[in-house]
Amino acid sequence: MNSLTFRLFAAFVLLSLVVILLVGVALFLLIWQTPLGDRLAVSELNDVARLAARQLPPPDLTADRAATAYVNQLAKVFEVRVLVVNDNGRVLADSHPQAARLNFNFRLARADAQVPTARVGRARDAQLNLWVYVAYPAGANRGVVFVAPQTRVAVLQYFGENLLRPLAAAGLVAALLSAVLSIVIARWVAGPLQHMAVSAQAIAQGNYAQPAPVSGPDEVQALGQSLNIMAQDVQTAQQTQRDFLANVSHELKTPLTSIQGFAQALVDGAAPTPEAQQRAAGIIFSEADRLRRLVEGLLDLARLDAGRTALHRGPVDLPLVLRASVEKFGLRAKEKGLALQLSVPPGLPTLLGDADRLAQVFTNLVDNALKHTPAGGRVMVSAANSAGGPGLNGVSIAVADTGEGIPPEDLQRIFERFYQVDKSRNRAATRAGAGLGLAISKEIVEAHGGTLRAESVLGVGSKFTVSLPLALPGDETLAKKRPAGKSG
Ligand code: ADP
């Protein structure tokens, strides 16, 4: 009862019945209103009139007595009401004088016309009943009028005899067609839906090999497509999650193993000299530090994943933040023999954001640049006004280096969590990361409504560009707190 087939069938049958009913009513009204009933009566009257003309041709009707006798005779023989009128329609004799008086309003066809034609029409009697009549000219200035009461019964009868059957047959055909159509349409619509239900169940059980069918009407096809996209997304998300977990475990395990090994050596006395002990303790310290940074990175990501609540937004004095981020690497750059430069144009607008988080981004980018640029190279941090998005002003900050560069195939992936271009190369570095830095930076920039892009030419250098809108669309905090355009 609840199936699509049944519902469609019920809907079609109902619709057909309503249409047939409407057609029936319309036909009935049409027949009721058009003088079909009259036509039936008229044809009978015509028959009578013809018969009468043949069997009892009218005598001279100018004398009233003759007229009365004639109508009485006709009425008796043919069992109809007959009248004699003059050519203005005035009644001169009536076979039923006791009946309500009839008034005609016609002019008879002229008696000298070549073919005397009958006049057919409707007339009302004194009691307002309708009559149909057939009037024949009968000699000079006289006509014989056969009348019959107009009856609706004839219409009903005609309807019942001639139209009810075809209408019922139409209903039956409509019901049969409805059944066939509903089965066909239900298959067309429900078929793919049933397959989709099977696919969805399979997806729920982790089986992604069975794509949903993309067939049927457009809406159902769109559903199938969406289901397939969703399955793909779920699969990717699960894979990402698995990779992430594997990466986390691996990144935690490596320093832990190292810490455990060197601690064991200390416990077992395998490091006998104070220098060896110092070295072991140093390694334990730096590995513990690496663990701390890793856990902090993971916590950062978790917080950023949770949404924008992780940001403490306020007016950011960008030149100040940039200066601080660059200055803390001054010594390291010098030691490595690198030129570290900062260029901030005057009049850089104040933007709305989380100063600490943005400092973390710039620190990470400068740190990376220094790590991947050999001695004699240059790291350049520069800021500029830019478009912060459609209809938004913004600033862009570029961190460019003359370092080793990033291979094109890696360039698209460096923002992925735990992605590292060359693990062995990185591990050797003093402050080896876990491949989370750029992922975190990107999340922070995007939480500010901005973008982080990387360009690089292998062997020439890399450039990371942070583009930030001054404020998110609809955010008026900045406008209220401090007028834009003031440089810090
Ligand atoms: P990590 O913590 O390992 O530095 P990041 O997410 O910061 O991880 O960087 C991801 C990878 O991108 C690194 O493995 C590194 O090889 C590469 N990379 C980042 N910045 C630069 C740069 N300025 N020049 C060359 N390679 C870079």
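For clarity, every value in this text was computed on a predicted model and none was experimentally measured.

Below, the discussion takes up the sheet that holds strand S1 (residues 81-86). Overall, antiparallel pairing links the five strands, which are arranged S2-S1-S5-S4-S3 in an open sheet. On the outer flanks of this sheet lie strand S2 (91-94) and strand S3 (119-124), each paired with one strand and no other. Ignoring which end each strand starts from, the neighbouring axes of this sheet average 30° apart.

Another point: the packing of helix H7 (residues 318-327) against helix H9 (residues 355-371). For any two helices packed against each other, the geometry comes down to the angle between their axes and how far apart the axes lie. It is the contact of H7 with H9, at a shortest axis distance of 9 Å, that shows an interaxial angle of 45°. The orientation of H7 relative to H9 falls into the category oblique. As H7 packs across H9, the resulting crossing turns out to be right-handed. Residues Leu318, Val321, Leu322 and Ser325 of H7 form the contact with H9, whose participating residues are Ala355, Ala359, Phe362 and Thr363.

Across its 32 residues, helix H6 (residues 274-305) extends 46 Å between first and last C-alpha, which sits within 8% of the 46 Å expected from 1.5 Å per residue. Considered for burial, the residues of H6 that qualify are Ala280, Ile283, Ile284, Glu287, Arg290, Leu291, Leu294, Gly297, Leu298, Asp300, Leu301 and Leu304. At the exit of H6 stands Gly307, carrying a positive phi of roughly 125°.

What follows is about a nonpolar patch on the surface. Taken together, the side chains of Leu14, Val18 and Leu22 make up a nonpolar region of the molecular surface, amounting to roughly 300 Å² of accessible area. Residue placement: Val18 occurs in helix H1 (residues 4-33). Assessed through its relative accessible area of 44%, Val18 is described here as partly exposed.

With that settled, consider the pattern of salt bridges. Oppositely charged side chains may form a pair once their charged atoms are brought near each other. Under the definition given, this model contains 13 salt bridges. Here Arg50 ties to Asp47 by a salt bridge, and the two come within 3.2 Å at their closest N and O atoms. Of this pair, Arg50 and Asp47 both sit in helix H2 (residues 36-55), three residues apart, roughly one helical turn. Under the relative-accessibility criterion, Arg50 is labelled partly exposed at 46%. Its salt-bridge partner being Asp305, residue Arg417 comes within 2.9 Å of it at the nearest N-O pair.

This part takes up the layout of surface pockets. The volume enclosed by the largest pocket comes to roughly 1100 Å³. Forming the walls of the largest pocket are 44 residues, and the residues nearest its centre are Asn364, Asp367, Asn368, Lys371 and Gly437. For the lining of the largest pocket, the elements supplying multiple residues, two or more each, are H6, H9, helix H11 (423-428), helix H12 (437-447) and strand S12 (461-469). By residue number, the principal contributor to the lining of the largest pocket is H9, which donates nine residues. Residue composition of the lining of the largest pocket, grouped by class: 14 nonpolar, 15 polar and 15 charged. Its volume calculated, the second largest pocket comes out at about 340 Å³. Thr236, Thr240, Asp243, Phe244, Asn247, Arg413, Glu416, Arg417, Phe418 and Tyr419 together form the lining of the second largest pocket. When its residues are assigned to classes, the lining of the second largest pocket shows three nonpolar, three polar and four charged.

Looking now at the packing of aromatic side chains. Each aromatic ring pair is specified by the distance between its two centres and by the angle formed by the two planes. Under the defined criterion, the tally for this structure stands at three aromatic pairs. Summarising the aromatic geometry, the rings of Phe104 and Tyr133 are spaced 5.2 Å apart at their centres and angled 85° between planes, so their arrangement reads as edge-to-face. Linking Phe104 in the loop between S2 and S3 with Tyr133 in strand S4 (residues 130-137), this pair joins segments that are 29 residues apart in sequence. Taking relative accessible area as the criterion, Tyr133 reaches 7% and is therefore assigned buried.

Per-residue pLDDT for the protein has a mean of 84; in total, 88% of the residues score no lower than 70. The element-level mean pLDDT for the protein is lowest in helix H13 (residues 477-481), coming to 46, with strand S7 (residues 339-343) highest at 96. A low-confidence stretch, residues 478-488 (pLDDT under 50), is modelled with 17 contacts involving residues beyond four sequence positions or located in other chains.

Counting 46 residues, the largest nonpolar core has Leu318, Phe362, Ile397, Ile414, Phe464 and Val466 as its most contacted members. Looking at this core, the elements with two or more residues in it are H6, H7, H9, strand S9 (378-389), strand S10 (392-401), H12, strand S11 (451-457) and S12. In this structure Phe464 touches Leu365, Ile397, Ala398, Val399, Ile406, Ile414, Phe415, Leu438, Leu452, Arg453 and Ala454, once residues within four positions along its chain are discounted. Of all hydrophobic cores here, the second largest spans 23 residues; its members include Leu61, Val71, Val80 and Ala93.

Before going further, it helps to examine unusual backbone geometry. If you check the backbone angles, Glu79 has positive phi at about 55° while not being a glycine. Considering the arrangement of structural elements, one finds Glu79 in the loop between helix H3 (64-78) and S1. Assessed through its relative accessible area of 71%, Glu79 is described here as exposed. Unlike most non-glycine residues, Leu128 shows phi in positive territory, near 70°.

A large share of S1 lies buried, amounting to six of its six residues. Covered by surrounding structure in S1 are Arg81, Leu83 and Val85 together with Val82, Val84 and Asn86, the residues of both alternating faces. Relative to strand S5 (residues 142-149), S1 is paired through six bridges, and the arrangement is antiparallel. In the strand pairing of S5, Val84 is matched with Val144. Here S1 pairs with S2 via three bridges, running antiparallel. Note that in S2 the partner of Val85 across the bridge is Val91.

Basis of the calculations
- Residues numbered from 1 in each chain as written.
- Predicted model: local features only at pLDDT ≥ 70, side-chain atom pairs only at ≥ 80, totals over all residues.
- Heavy atoms only, no water.
- Pairing = 2+ DSSP bridges.
- Helix = DSSP H or I, 4+ residues; strand = E, 2+ residues; numbered from the N terminus.
- Axes fitted to C-alpha atoms, helices over the stretch in contact; angles between N-to-C directions.
- Parallel < 35°, antiparallel > 145°, perpendicular 65-115°, else oblique.
- Left-handed = near helix turned anticlockwise from the far one by under 90°.
- Contact = heavy atoms within 4.5 Å.
- Expected span 1.5 Å × (residues − 1).
- Buried < 20%, exposed > 50% of the residue type's maximum accessible area, 1.4 Å probe, protein only.
- Patch = residues over 30% accessible without salt bridge, like charges linked within 9 Å, V, L, I, M, F, W, Y side chains within 5 Å.
- Areas by Shrake-Rupley, 256 points an atom, 1.4 Å probe, with all protein chains shown as cover.
- Salt bridge = Lys/Arg side-chain N within 4 Å of Asp/Glu carboxyl O.
- 1 Å grid on protein atoms, 1.4 Å probe; cavity = no way out; pocket = protein on both sides within 12 Å on 5 of 7 lines; lining within 4 Å.
- Points joined across faces, edges and corners; volume = space filled by probe spheres on them.
- Nonpolar A, V, L, I, M, F, W, Y, C, P; charged D, E, K, R; others polar.
- Phe/Tyr/Trp six-rings, centres within 6.5 Å; stacked < 30°, edge-to-face > 60°.
- pLDDT = per-residue confidence, 0-100.
- Core = buried A, V, L, I, M, F, W, Y, C linked by side-chain atoms within 4.5 Å.

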